[in-house]
Amino acid sequence: MLTESEKTQIREVLEGAKKRLARTGQHALSYSMNHERNIGRDSIDESMEEEIFSTEMRLHDREKFLFSKIDKQLARLDNDSIDTCESCGETISFKRLLARPVTTLCIDCKEQHEREEAAVEQAGRGGALDTSAGEEIGGGGAGATSEE
Ligand SMILES: [Zn+2]
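Thresholds, definitions, all that
- Residues numbered from 1 in each chain as written.
- Predicted model: local features only at pLDDT ≥ 70, side-chain atom pairs only at ≥ 80, totals over all residues.
- Helix = DSSP H or I, 4+ residues; strand = E, 2+ residues; numbered from the N terminus.
- Buried ≥ 20, exposed ≤ 12 C-beta atoms within 10 Å, placed from the backbone.
- Contact = placed C-beta atoms within 7 Å.
- pLDDT = per-residue confidence, 0-100.
- Expected span 1.5 Å × (residues − 1).

Colleague: Help me out: how do you make sense of the overall build of the chain in this one?
Modeller: Broken down by element type, the chain carries four helices and zero strands. Reading the helices (α) and strands (β) of the chain from amino to carboxyl end gives α-α-α-α. By residue count, 6% of the 148 residues in the chain fall in the buried class. For the chain, the proportion of contacts with a sequence separation of at least 24, taken over those separated by at least 6, is 59%.

See below:
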């Protein structure tokens, strides 16, 4: 269980992260509006602008994802479950929460999770490599050379 002052610290970190995200989110939105205004102009290389635009949108998706994670953590903070591991129910240390405020797993579960992800990745990459190496049929030449 976290103390009140620890909870306050975590809340400040989460609220701060949310504010930063809100600012960059607005940036992405204003960019997309400018983008629409700029249609028809040929001063900027179109394909390059498209690329910037799609990058912005990808970032925006990531922001939304992070936003939902932060909201979830604030809810967990409100009902005093923020320091409980979602997977095993063990206590997540205050130090870990402060360093990774959106984490919902204890360090052990997190490491296990990462190992599993790595294993899945490897299984996906390594196809069934059936290298049936051709067995060479060696025909030994019987050279009977007799000299008289
Ligand atoms: Zn755990």
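Colleague: I keep staring at the confidence of the model for the chain and nothing clicks. Help me out?
Modeller: Low pLDDT marks regions whose predicted coordinates should not be analysed in detail. Per-residue pLDDT for the chain has a mean of 81; in total, 71% of the residues score no lower than 70. Across the chain, helix H3 (residues 94-99) holds the top mean pLDDT of 95, while helix H1 (residues 4-37) sits lowest at 81. With pLDDT under 50 throughout, residues 128-142 is counted as low confidence; its partners more than four residues away or in other chains account for zero contacts.

Colleague: Is there a simple way to explain helix H2 (residues 46-78) in this structure?
Modeller: An ideal rise of 1.5 Å per residue puts 48 Å on 33 residues; H2 measures up with 48 Å between its terminal C-alpha atoms. With one of 33 residues buried, H2 is to be regarded as a mostly surface element. Residue Asp-80 follows H2 closely and has a positive phi angle near 60°.

Colleague: How should I be thinking about unusual backbone geometry in this particular structure?
Modeller: Glycine aside, a negative phi is what most residues show, and trans is what most peptide bonds show. You will see that Asp-80, though not glycine, has its phi angle at about 60°, which is positive. In this fold, Asp-80 is placed in the loop between H2 and H3. Classification of Asp-80 as exposed rests on a count of 11 C-beta atoms within 10 Å.

Colleague: Please explain the environment of Leu-105 as it appears in this structure.
Modeller: Examined against the element boundaries, Leu-105 turns out to sit in the loop between H3 and helix H4 (107-125). Spatially, the C-alpha atoms of Leu-105 and Ser-87 are 6.4 Å apart, while their sequence positions differ by 18 residues. For Leu-105, the residues in contact, after removing those within four places along its chain, are Cys-85, Glu-86, Ser-87, Lys-110 and His-113.

Colleague: Is there a simple way to explain the environment of Leu-14 in this structure?
Modeller: Relative to the elements of secondary structure, Leu-14 occurs in helix H1. Linking Leu-14 and Gln-73, residues 59 residues apart in sequence, is a C-alpha distance of 7.9 Å. Residue contacts for Leu-14: discarding those within four places in its chain leaves Ile-70, Gln-73, Leu-74 and Pro-101.

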